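Residue-level structural notes
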Amino acid sequence: MQEQIKKINTLEELQALYTATFGKNGTMTARLKEMKNMDNDARAAINRENVELRELFKIRQAELENAAMMAGLQKQKLDVSLNKEPENAGTLHPITRSLVDIAGILESFGYEMWTGPEIEDDWHNFTALNTPEYHPARDMQDTFFLENGNVMRTQTSAIQIRSMEKKGAPIKMFGIGATYRKEMDATHGPMFHQIEGLYIDKNVTMADLIGDVKEFLKRFFNINDLELRIRPSYFPFTEPSIEIDMKWQGKKWLELMGAGMVHPNVLRNCNINPEEYQGFAFGFGWDRLAMLKYGLNDLRKMFDGDVRWLKNAGF
Ligand code: DAH
């Protein structure tokens, strides 16, 4: 009997044998009924067998149930593609995506990425940049002043000051971040992003500046014949100062960035000797570059956080 139980392979057969053993007319039931006429040893033997058989049935039943469950699981393989609603997978925001490109290019030129605080003190945002109080150039930027005299950073140029103060020369860095000014229309918002490049060393010239900017723009926009226009300009922190325009799709000129040779006063303010070191700086609207590259035309929409707009714009 014990062997027979172990060999049974279906729950139905096991159930049938159980009934034949312990059911109303079962073999064990019959023997238990006869026990009263037997001596103690014989009774004990039957009792033992009774307990043992019940235990064996239980064990075999558990084994078979387990096997049935495993077989079921094997059969019902999970098809994760079945009836799956399309997911809205996240993508990088145009600003982030363009930063990946911009930083990748500048880093390949040897520039190191820096950030700085968005709430700046007067020194880093203006004074050290050769823009002392009452300097008319402060009017070029509609500054948000805080009550304690600090400002919302109006330009990432502040980061170049911090980097030179910290690291001295030679230095090759770019600063990235949000900047703030009181303006609002389709192409200007109170918050926008700038990127600032700085390269200070012993023999850096304007030709290096134009070379780096040109190569950067070629790679960023993925174009080979790039037409640039260099115009003289004025910034307090550069001398000479220039503005760089780019011919867009063979048609109109776009103003892309301000640049120039870093003013000796700026170097002095950062404890760098202008007799020994010189270099260039350039600054541009990062959002604008992203908008040009991806064909977007409303700066404000970029920061509305409206996923439908971003999706529509291909993000
Ligand atoms: N800070 C200037 C602005 O916000 C842009 C700029 C111009 C940065 C010339 C520079 C530079 O580093 O050399 O308008």
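Scroll up to find the structure this text is about.
Residues numbered from 1 in each chain as written. Predicted model: local features only at pLDDT ≥ 70, side-chain atom pairs only at ≥ 80, totals over all residues. Heavy atoms only, no water.

This paragraph deals with the pattern of salt bridges. For the coordinates displayed, the defined rule picks out 16 salt bridges. Residue aspartate 245 pairs with arginine 229 through a salt bridge whose shortest N-O separation is 3.0 Å. Residue aspartate 245 is located in strand β7 (residues 238–248), and its partner arginine 229 is located in strand β6 (residues 228–235); the two are separated by 16 residues in the primary sequence. Between glutamate 255 and arginine 231 there is a salt bridge; the shortest N-O distance is 3.8 Å. Here glutamate 255 is found in strand β8 (residues 252–262), whereas its partner arginine 231 is found in strand β6, with 24 residues between them in sequence. Within this structure, Arg229, Arg231, Glu243, Asp245 and Glu255 form a network of salt bridges that share partners. (Salt bridge = Lys/Arg side-chain N within 4 Å of Asp/Glu carboxyl O. Helix = DSSP H or I, 4+ residues; strand = E, 2+ residues; numbered from the N terminus.)

Volume-wise, the largest pocket comes out at about 1100 Å³. Around the largest pocket, the lining is made up of 44 residues, and of these Arg181, Gln194, Leu256, Gly285 and Arg288 lie nearest the centre. Elements supplying a minimum of two residues to the lining of the largest pocket: β5 (191–201), β7, β8, β9 (278–285) and α10 (286–294). The element best represented in the lining of the largest pocket is β8, accounting for eight residues. Of the residues in the lining of the largest pocket, the class split is 19 nonpolar, 15 polar and 10 charged. (1 Å grid on protein atoms, 1.4 Å probe; cavity = no way out; pocket = protein on both sides within 12 Å on 5 of 7 lines; lining within 4 Å. Points joined across faces, edges and corners; volume = space filled by probe spheres on them. Nonpolar A, V, L, I, M, F, W, Y, C, P; charged D, E, K, R; others polar.)

Judged by nonpolar contacts, the single largest core of 44 residues is most densely connected at Leu106, Ile195, Phe216, Leu217 and Phe282. Leaving out residues up to four positions away in the same chain, isoleucine 195 has contacts with Leu99, Ile102, Leu106, Thr156, Phe174, Gly175, Ile176, Phe282, Gly283, Phe284 and Trp286. If you look at the next biggest cluster of nonpolar residues, it comprises 19 residues, including Leu198, Phe237, Leu267 and Ala281. (Core = buried A, V, L, I, M, F, W, Y, C linked by side-chain atoms within 4.5 Å. Buried < 20%, exposed > 50% of the residue type's maximum accessible area, 1.4 Å probe, protein only. Contact = heavy atoms within 4.5 Å.)

Spanning 36 residues, helix α4 (residues 40–75) covers 53 Å between terminal C-alpha atoms, matching the ideal 52 Å at 1.5 Å per step. Along α4, the positions that sit buried rather than exposed are Ile46, Asn50, Leu53, Leu56, Phe57, Arg60 and Leu64. Sitting at the amino-terminal end of α4 is aspartate 39, which places a side-chain oxygen 3.4 Å from the backbone nitrogen of aspartate 41. (Expected span 1.5 Å × (residues − 1). Polar contact = N/O pair within 3.5 Å; in protein donor to acceptor, adjacent residues only side chain to side chain.)

A cluster of nonpolar side chains, Met69, Met70 and Leu73, forms an exposed patch at the surface whose accessible area comes to about 300 Å². Here methionine 69 shows up in helix α4. (Patch = residues over 30% accessible without salt bridge, like charges linked within 9 Å, V, L, I, M, F, W, Y side chains within 5 Å. Areas by Shrake-Rupley, 256 points an atom, 1.4 Å probe, with all protein chains shown as cover.)

This part covers the sheet that holds strand β4 (residues 171–180). In spatial order, the strands read β1-β4-β5-β9-β8-β7-β6; together these seven strands make up an open sheet with mixed pairing. At either margin of the open sheet sits one strand with a lone partner, and together these are β1 (112–114) and β6. Taken over all neighbouring pairs, the strand axes of this sheet differ in orientation by 25° on average, direction set aside. When β7 meets β8, the two strands line up antiparallel, connected through nine bridges. Bridge pairing in β8 links lysine 247 to tryptophan 253. Helix α7 (residues 157–167) contacts β1, β4, β5 and β9 of the sheet and is inclined by roughly 140° relative to β4. Contacting β4, β6, β7, β8 and β9, helix α8 (residues 206–221) runs over the sheet at an angle of about 30° to β7. (Pairing = 2+ DSSP bridges. Axes fitted to C-alpha atoms, helices over the stretch in contact; angles between N-to-C directions.)

Below, the discussion takes up unusual backbone geometry. With an omega of 0°, the peptide bond between alanine 169 and proline 170 qualifies as cis. Within the secondary structure, proline 170 sits in the loop between α7 and β4. Geometrically, the link from glutamate 239 to proline 240 is a cis peptide bond, its omega value of -5° lying close to zero. Considering the arrangement of structural elements, one finds proline 240 in strand β7. Phi is positive for tyrosine 134, close to 70°, though the residue is something other than glycine. Looking at the element boundaries, tyrosine 134 is found in the loop between α6 (122–125) and β3 (151–152). You will see that glutamine 249, though not glycine, has its phi angle at about 50°, which is positive. When you line up the elements, glutamine 249 lands in the loop between β7 and β8. Note on glutamine 249: relative accessible area 59%, which makes it exposed.

Without other data, these values stay purely geometric and don't point to any function.
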